[in-house]
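Geometric and topological summary
Residues per chain are reported as follows:
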Amino acid sequence: PEYIRKEILPEFFRNFWIRRMALDRRNYSQVIETTEELANKVGCSDILSRIVEDLKDDSEPYRRMVMETIQKVLENLGSGDIDERLE
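Residues numbered from 1 in each chain as written. Predicted model: local features only at pLDDT ≥ 70, side-chain atom pairs only at ≥ 80, totals over all residues. Heavy atoms only, no water.

Re the overall build of the protein
For clarity, the cut-off: Secondary structure elements are taken from DSSP: a helix is a run of H or I of four residues or more, a strand is a run of E of two residues or more, and numbering for both begins at the N terminus. To sort residues, take the accessible area from a 1.4 Å probe on protein chains only and compare it with the maximum for the residue type: under 20% means buried, over 50% means exposed, and anything in between is partly exposed. Contact between two residues is taken to exist if any of their heavy atoms lie within 4.5 Å; hydrogens are not considered. Where accessible areas are quoted, they stem from the Shrake-Rupley method and a 1.4 Å probe; at the residue level, only the protein chains shown are allowed to cover.
Looking only at helices and strands, the protein has five helices and zero strands in total. Each helix (α) and strand (β) of the protein, taken in turn from the N terminus, gives the series α-α-α-α-α. Burial status across the protein gives 36% buried among its 87 residues. A separation threshold of at least 6 residues defines the contact pool for the protein, and within that pool the share at least 24 residues apart is 70%. For the protein, the accessible surface area stands at approximately 5700 Å², while carbon and sulfur atoms represent 47% of it.

A word on the nonpolar core
Threshold: In this text, buried Ala, Val, Leu, Ile, Met, Phe, Trp, Tyr and Cys residues form a nonpolar core when linked through side-chain atoms within 4.5 Å.
Of all hydrophobic cores here, the largest spans 22 residues; its most connected members are Leu9, Phe13, Trp17, Ile47, Ile51 and Met65. Ranked by the residues each element gives to this core, the list is headed by helix α3 (residues 25-42), at six residues. In contact with Leu9, not counting residues within four places along its chain, are Ile4, Leu38, Val42, Asp46, Ile47 and Arg50.

Observations concerning the pattern of salt bridges
Inclusion rule: Here, a salt bridge means any Lys or Arg side-chain nitrogen found within 4 Å of an Asp or Glu carboxyl oxygen.
The final tally for this structure, using the stated rule, is nine salt bridges. Where Asp46 meets Arg5, a salt bridge forms, and the shortest distance between an N and an O atom there is 2.5 Å. Highlighted residues: Asp46 in helix α4 (residues 44-51) and Arg5 in helix α1 (residues 2-16), separated in sequence by 41 residues. On the basis of relative accessible area, Arg5 is assigned to the partly exposed category, the value being 26%. Between Arg19 and Asp57 there is a salt bridge, and its shortest N-O distance comes to 2.9 Å. Note that Arg19 is positioned in helix α2 (residues 19-23) and Asp57 in the loop between α4 and α5 (60-77), a separation of 38 residues in sequence.

Re the packing of α1 against α3
Threshold: As a rule, the C-alpha atoms of each element are fitted with a line to give its axis, helices using only the stretch in contact, and angles between N-to-C directions run from 0 to 180 degrees. Oblique is the label for any angle not covered by the other classes, which are roughly parallel (under 35 degrees), roughly antiparallel (over 145) and roughly perpendicular (65 to 115). Crossings are classed by handedness, with left-handed meaning an anticlockwise turn of the near helix from the far one by less than a right angle and right-handed meaning a clockwise turn.
α3 packs onto α1 with a crossing angle of 160 degrees between their chain directions and a minimal axis gap of 12 Å. With respect to α3, the element α1 is oriented roughly antiparallel. Crossing angle aside, the handedness with which α1 passes α3 is left-handed. Each of Ile4, Arg5, Ile8, Leu9, Phe12, Phe13 and Phe16 in α1 lies in contact with α3, whose residues at this interface are Val31, Thr34, Thr35, Leu38, Lys41 and Val42.

Below is the structure:
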């Protein structure tokens with residue numbers, strides 16, 4: 001998990017969590033699935049802390065992608081490791 005946290009997550013979010021991905025249906029679902037799997041490896045708080053601010057984005061499709069990801073991650077892992085501020 002430490003390798004994923006340090007090496008993979010920053011690049012993944014920088015390159016794939018962009019507005020353009022939310023507009024393409026194929027990419028949209030693959031980004032959500034991949035983020036879900038990464039959350040299974042490193043825990044939900046690492047993932048959610050990176051995307052929760054994107055709920056304030058101007059792009060409606062992007063906000064929808066963020067919300068769908070948050071729902072799926074919380075369904076899979078629950079909210080046990082989320083601190084109060086993030087919640």
